[in-house]
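# Overview (structure and organization)
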Amino acid sequence: MMPYLKNKMQRTARSISKFDGLNMNLAKADNELSDDCNMCSDKYPCLSVRAPRSDCGDLGMTVRALGAKDGIFCVGSTADEADKTVIKFGENTAEISSGNPSAERQCACLADQVLIMPDKAVYKPSDNSVYSVGYSKTITLADAEETAKKQVGASYTTNFPTYIGEITSKGLVSASYTDKYVSYLMPFEKIKAGDVVHISMDVLPSPYNKTNYWPYIKAMSEGFDLKIESVTYTRHDIKGATLNEITAINFGENAIDMGGFSEVIIKSITLSRRLPDLDDMCSLNNRIWGVKDNTISCCKLGDASQWYDFSADSYGTLPSSCFSADVDTGGKFTAVTSFGGSIIAFKEECIHKIYGNAPDNYTLSTLECNGVKESARDTLCRVGGALYYIGRGGVYMYDGTRPRLISQKTDLDIADATRAGTDGKKYYLLAGALSGRRIYVYDPERKSWHMEDMPENADRFVYYNGRLYLLCGTVLKCISGDRSAQESVTWSFALHFDEDSYATKNYDKLFIKYKLGEDAAFTVKTVCDGDRKNCGIYSDASGGDMEYATAVLPIKRCIEFDLLFSGAGEFSLIDVTREFFVTSPKRVVGSS
């Protein structure tokens with residue numbers, strides 16, 4: 001028997017059966033993806049293709065706000081009436097205003113009310129009606145006299161009153177004018193009992209010339225807030241129309257400081273029902289909350305039209321009144337939302353938390369940290385037990401403690417991150433990347449990122465009835481929650497292996513266990529040391545004839561290699577196993 005050498009080298013196998021998502025950094029684990037398009041963690045630990053998308057109809061309008069309340073609603077303008085702003089709720093459409101239809105809108109829901117800003121209007125879905133919350137009107141003596149001339153016509157005489165009305169300690173009383181017709185002196189058509197209004201007026205200087213009267217005139221000119229107790233109307237039939245003239249506005253006994261004067265008359269009056277300008281809004285406990293600059297405020301309990309009623313009840317408490325607070329912590333508020341039964345208001349460098357159940361016991365706490373980046377309010381979403389948003393350093397997660405940065409493994413451009421949404425399980429973010437604009441998807445349970453292709457004209461998200469929708473131009477697409485959609489998803493991803501196998505390891509075989517869906521196909525390539533011309537290639541277009549399949553690929557000796565997957569249709573990667581044996585280090589030419 002001839003002598004021979006025994007090969008004592010044993011084969012070694014390493015398997016990957018859990019795939020943890022995208023990692024764009026140089027250092028990454030074998031089970032992380034170096035590139036990704038349209039993969040997801042829905043079938044974890046397997047890697048699978050995202051859910052197909054479906055078109056859900058054309059909204060037929062340029063959308064400036066999108067929301068959900070017992071159905072999806074949108075605010076914008078139609079092509080037929082581009083100069084008007086309307087709200088569309090199902091088959092119903094109502095006009096909001098004729099002001100700047102191209103401006104972005106903010107909406108917040110409260111019971112049977114949708115507050116729309118900056119229009120300062122409230123929409124009621126129950127009767128498809130819109131009414132203005134913000135209201136301001138000025139009546140001057142010249143206006144009233146001009147109205148009288150139009151009403152009376154040729155028989156107009158010069159015995160017109162020399163003032164609009166009188167101030168009493170309880171309210172305002174319209175001046176009287178009796179002729180063939182009665183002029184419409186105080187046409188404030190949108191006020192009602194219970195409203196808190198701001199009143200300013202020009203007080204006639206006569207008949208007083210006392211020194212202390214002039215400060216009183218100035219105080220009346222600057223105005224004050226009062227709560228309307230009752231309104232008295234007189235009906236007039238004028239040239240085929242009916243006018244409701246306000247003859248008295250009562251604010252309650254001794255509500256107005258008369259300044260010690262018994263006869264105070266006015267030549268003009270401005271009455272406003274005010275609503276603060278708000279940069280962002282949310283709802284909690286039957287109130288709408290909003291932020292602007294350094295101020296955070298909320299409306300009256302259950303009433304989106306009242307923001308300045310700070311009055312106490314008969315017990316001296318404030319269970320239903322409004323609330324407002326200035327917070328001077330540097331910078332301005334960038335976003336606000338409800339979370340964990342509290343209001344969370346963000347600035348770029350801090351988070352303010354308001355908790356309590358009434359203005360009497362509202363408490364504010366401050367945490368200095370990375371907050372929502374300016375102009376990134378639309379990236380703020382609640383997913384499960386945490387908030388996710390764009391801050392100065394990337395995407396942050398806030399669970400009530402200190403925010404944590406979670407986007408270190410991505411290449412997303414925060415300057416190009418516009419809006420975000422959630423299907424209740426994942427965080428979806430529209431953002432720019434090195435490969436173009438993408439939808440970045442974060443799975444909080446797996447702590448993993450994936451990237452999806454972004455449809456053309458992708459604009460904003462809305463979540464309703466268990467599904468996440470994405471508005472693309474005027475078309476609404478369901479992008480999560482509809483596995484019955486018929487789209488054949490085109491996908492790709494890459495796995496990178498860097499083990500310096502050139503020196504000590506010889507690969508023998510690579511086994512890839514996978515599952516194909518019906519009518520699906522895929523290709524996988526092995527690229528060794530960046531050599532794309534001499535790739536190992538395996539393809540399968542069987543369309544799911546087998547429950548599971550295994551691809552076998554040879555790998556040559558190399559320093560690093562990549563597995564490049566691409567395909568169309570449903571696909572799941574179950575396992576990647578590498579078989580190799582260790583040899584003596586390869587001798588490098590020129591070494592001693």
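What this report covers is the structure whose coordinates are included nearby.

Nonpolar side chains in soluble globular proteins tend to end up buried together. Counting 33 residues, the largest nonpolar core has Phe346, Tyr427 and Leu429 as its most contacted members. Contributions of two or more residues to this core are made by strand S26 (335-339), strand S27 (342-347), strand S30 (381-383), strand S31 (386-391), strand S32 (394-398), strand S35 (427-433), strand S36 (436-443) and strand S37 (448-453). No other element matches the 5 residues that S31 contributes to this core. Residues Ile167, Phe188, Ile199 and Ile269 belong to the second largest nonpolar core, which totals 31 residues.

Okay, unusual backbone geometry next. Of the consecutive residues Tyr44 and Pro45, the connecting peptide bond is found in the cis state with omega at 15°. Along the chain, Pro45 falls in the loop between strand S3 (39-40) and strand S4 (47-49). For the bond running from Met117 to Pro118, omega is 5°, close enough to zero to count as cis. Structurally, Pro118 is set in the loop between strand S11 (113-117) and strand S12 (121-124). Here Lys447, not a glycine, exhibits a phi torsion of approximately 55°, which is positive. You can see Lys447 is positioned in the loop between S36 and S37. Although it is not a glycine, Asp529 sits at a positive phi angle of roughly 55°. The topology assignment puts Asp529 in the loop between strand S43 (521-528) and strand S44 (531-540).

Attention shifts here to the sheet that holds strand S8 (residues 85-89). The strand order across the open sheet formed by 4 strands is S6-S7-S8-S9, and the pairing between neighbours is antiparallel. Looking at strand neighbours, the two that pair on one side only are strand S6 (62-68) and strand S9 (92-97), the edges of this open sheet. Each strand axis lies, on average, 20° off the axis of its neighbour in the sheet, ignoring direction. As paired strands, S6 and strand S7 (residues 72-77) are joined by 6 bridges and run antiparallel to one another. Within S7, the position partnered with Thr62 by the bridge is Ser77.

Further remarks concern the sheet that holds S27. Across the sheet, 4 strands lie side by side as S26-S27-S28-S29; this open sheet has antiparallel pairing. In this open sheet, the two edge strands, each paired with only one partner strand, are S26 and strand S29 (363-368). Direction aside, the axes of adjacent strands within the sheet are offset by 20° on average. Here S26 runs beside S27; their pairing, made up of 5 bridges, is antiparallel. In the strand pairing of S27, Ala335 is matched with Phe346.

What follows deals with the layout of surface pockets. One way to see where empty space is left: roll a probe the size of a water molecule over the atoms. Considering only enclosed or pocket space, the largest pocket measures out at about 1300 Å³ in volume. Along its surface, the largest pocket is lined by 33 residues, and Leu66, Gly67, Cys107, Met281 and Leu380 are the ones closest to its centre. Of all the secondary structure elements, the ones that give two or more residues to the lining of the largest pocket are S6, strand S10 (106-110), strand S22 (280-284), S26, S30, strand S34 (420-422) and strand S38 (458-464). A total of 5 residues in the lining of the largest pocket trace back to one element, the largest contributor, which is S6. Split by residue class, the lining of the largest pocket holds 17 nonpolar, 7 polar and 9 charged. Its volume calculated, the second largest pocket comes out at about 420 Å³. In this structure, the second largest pocket is lined by 24 residues; those nearest its centre are Asp42, Asp423, Lys425, Lys426 and Ser480. Where the lining of the second largest pocket is concerned, the elements lending two or more residues are S36 and strand S40 (475-480).

Criteria and cut-off values
Residues numbered from 1 in each chain as written. Predicted model: local features only at pLDDT ≥ 70, side-chain atom pairs only at ≥ 80, totals over all residues. Heavy atoms only, no water. Core = buried A, V, L, I, M, F, W, Y, C linked by side-chain atoms within 4.5 Å. Buried < 20%, exposed > 50% of the residue type's maximum accessible area, 1.4 Å probe, protein only. Helix = DSSP H or I, 4+ residues; strand = E, 2+ residues; numbered from the N terminus. Pairing = 2+ DSSP bridges. Axes fitted to C-alpha atoms, helices over the stretch in contact; angles between N-to-C directions. 1 Å grid on protein atoms, 1.4 Å probe; cavity = no way out; pocket = protein on both sides within 12 Å on 5 of 7 lines; lining within 4 Å. Points joined across faces, edges and corners; volume = space filled by probe spheres on them. Nonpolar A, V, L, I, M, F, W, Y, C, P; charged D, E, K, R; others polar.

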